Amino acid sequence: MFVIGCHLSVSKGYLAMAKTATAIGANTFQFFPRNPRGGASKPLDAEDVAGLSAWMEAHDFGPILCHGAYTMNGAAAKAETRDFARRALREDLAKAAALPHCLYNLHPGSHVRQGTEAAIPLIADMLNEAMDQESIPPFVLLETMAGKGTEVGRTFEELAAISDRVERKDRMGVCLDTCHVYDGGYDIVEHLSDVLDEFDRVLGLSRLHAVHLNDDKNPLGSHKDRHEKIGEGTIGTAAMARIINEPRLRDLPFYLETPNELPEYAAEIALLKSLREE
Ligand code: FE
Ligand code: FE
Ligand code: ZN
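Note that the coordinates shown come from a computational prediction; the quantities given were computed from them, not determined experimentally.

Parameters at a glance
- Residues numbered from 1 in each chain as written.
- Chains lettered and ligands numbered in written order.
- Predicted model: local features only at pLDDT ≥ 70, side-chain atom pairs only at ≥ 80, totals over all residues.
- Heavy atoms only, no water.
- Donors = N, O, S within 2.8 Å, 3.2 Å for Na, K, Ca; no water.
- Buried < 20%, exposed > 50% of the residue type's maximum accessible area, 1.4 Å probe, protein only.
- Helix = DSSP H or I, 4+ residues; strand = E, 2+ residues; numbered from the N terminus.
- Expected span 1.5 Å × (residues − 1).
- Contact = heavy atoms within 4.5 Å.

Draft legend 1. Structural detail: the coordination of the zinc ion (ligand 3). Around the zinc ion (ligand 3), the protein contributes the donor atoms H180 (NE2), D225 (OD) and H227 (NE2), at 1.9 to 2.2 Å from the metal centre. Here the donor residues of the zinc ion (ligand 3) share one chain and are spaced in sequence as H-x44-D-x1-H. Between the zinc ion (ligand 3) and the iron ion (ligand 1), the interatomic distance is 5.3 Å. Assessed through its relative accessible area of 16%, D225 is described here as buried. Owing to a relative accessible area of 18%, H227 belongs among the buried residues under this scheme.

Draft legend 2. A look at helix 9 (residues 262-275). With 14 residues, helix 9 ought to run about 20 Å at 1.5 Å a step, and its terminal C-alpha atoms sit 20 Å apart, in line with that. On its buried face, helix 9 is in contact with strand 1 (4-7), strand 9 (208-213), helix 8 (236-245) and strand 12 (254-256).

Draft legend 3. Examining the environment of L271 more closely. Position of L271 relative to the elements: it lies in helix 9. By relative accessible area, L271 is classed as partly exposed at 32%. Along the sequence, L271 and I230 sit 41 residues apart, while their C-alpha atoms lie 8.9 Å from each other.

Dropping the structure here:
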């Protein structure tokens, strides 16, 4: 089954997102569990969650993806910022665990002049603390980053160094963002197979559980992280078709985070479905 969806707003609730997904031809969606710029997390409404479960089952949904706030930085130099990230991650994981078939994705963080070596144990500690509670999602995913500023997680090695320190390896994974890896210097346009070989060698493909499908506004290795609509960027339609049909990726859920409104997302999903081989 081709599992494809896009980022949606949680403002009208969970069942509303699922209905929107179906209306635009999707069978999954991604969402922020709280305001992306931080702030409080609204408690779940049991009736809304039951409605979401029923809808997902009736419409044969793939896993949905909860995306942690960008402001969460477990590697921040300031203790205050780190504490927010730790608290938010614990809460987010409990919330995602209470939703039907929901994975959780987060940006590893930024080392802000402390250096990657100092950041990695801080991020792993945060994960260990948050994943040491009764209910956590089936998988907690670290996102591959573009390497903008002092972002940690541009290389597969950095993601492996964090994951290797996490105790719950059975629940730890990676989400590959096509814009980010390309921007980070991995040539998925000309050498997709080699990049996946390298991912397998460094991290293990069994750790890959989701793909963020985005085109890129900038050339390979730019470290700018500017998403583009599918087919309108430097990755392009032909490479996107190879990505969604690649045997090592095709059974994963794909989430669009392209600069689109709903009608454009619907068109993008239709385009990708037309490019998908049986
Ligand atoms: Fe992200
Ligand atoms: Fe992403
Ligand atoms: Zn991005």
